[in-house]
Amino acid sequence: MNGALKAAWALTAFVVVVGLVGWIVSGEAFFAVFIVLGLLTAVGAWMSGRSTAPKGDPSP
């Protein structure tokens, strides 16, 4: 896992946690947007992580 992928997963966790905490503390359903955005970021991180070739693979 490279640095950019680690950063994407960290961003995912941060956004989801902020959404959950904001929703629980304030009771505003608006914070569900943060959770959805975090899940979309997770899907993007997962898809980009799958597209990388294994180490030692000569294909681009």
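Residues numbered from 1 in each chain as written. Predicted model: local features only at pLDDT ≥ 70, side-chain atom pairs only at ≥ 80, totals over all residues. Heavy atoms only, no water.

1. Things to note about the packing of aromatic side chains
Move 1: If you walk through the whole model with that rule in mind, you get three aromatic pairs.
Move 2: Ring centres 5.8 Å apart and planes at 70° place the aromatic pair Phe30 and Phe31 in the edge-to-face group.
Move 3: Overall, Phe30 belongs to the exposed group, its relative accessible area being 52%.
Move 4: Ring centres 6.0 Å apart and planes at 85° place the aromatic pair Phe30 and Phe34 in the edge-to-face group.
Move 5: Residue Phe34 is classed as partly exposed on the basis of its relative accessible area of 28%. (Phe/Tyr/Trp six-rings, centres within 6.5 Å; stacked < 30°, edge-to-face > 60°. Buried < 20%, exposed > 50% of the residue type's maximum accessible area, 1.4 Å probe, protein only.)

2. Points about helix α1 (residues 3-26)
Move 1: With 24 residues, α1 should reach 34 Å at 1.5 Å per residue; the first-to-last C-alpha distance of 34 Å fits that figure.
Move 2: All buried positions along α1 are accounted for by Leu5, Thr12, Val15, Val16, Gly19 and Gly22. (Helix = DSSP H or I, 4+ residues; strand = E, 2+ residues; numbered from the N terminus. Expected span 1.5 Å × (residues − 1).)

3. Overview of the environment of Ser26
Move 1: In this fold, Ser26 is placed in helix α1.
Move 2: A distance of 2.6 Å separates the side chain of Ser26 from the backbone oxygen of Gly22, its partner in a polar contact.
Move 3: At 3.1 Å, the side chain of Ser26 forms a polar contact with the backbone nitrogen of Glu28. (Polar contact = N/O pair within 3.5 Å; in protein donor to acceptor, adjacent residues only side chain to side chain.)

4. Some remarks on a nonpolar patch on the surface
Move 1: Residues Val17, Leu20, Val21, Ile24 and Val25 make up a contiguous nonpolar surface patch of about 510 Å² in total accessible area.
Move 2: Relative to the elements of secondary structure, Val21 occurs in helix α1.
Move 3: Val21 gets classed as partly exposed once you look at its relative accessible area, which sits at 47%. (Patch = residues over 30% accessible without salt bridge, like charges linked within 9 Å, V, L, I, M, F, W, Y side chains within 5 Å. Areas by Shrake-Rupley, 256 points an atom, 1.4 Å probe, with all protein chains shown as cover. Salt bridge = Lys/Arg side-chain N within 4 Å of Asp/Glu carboxyl O.)

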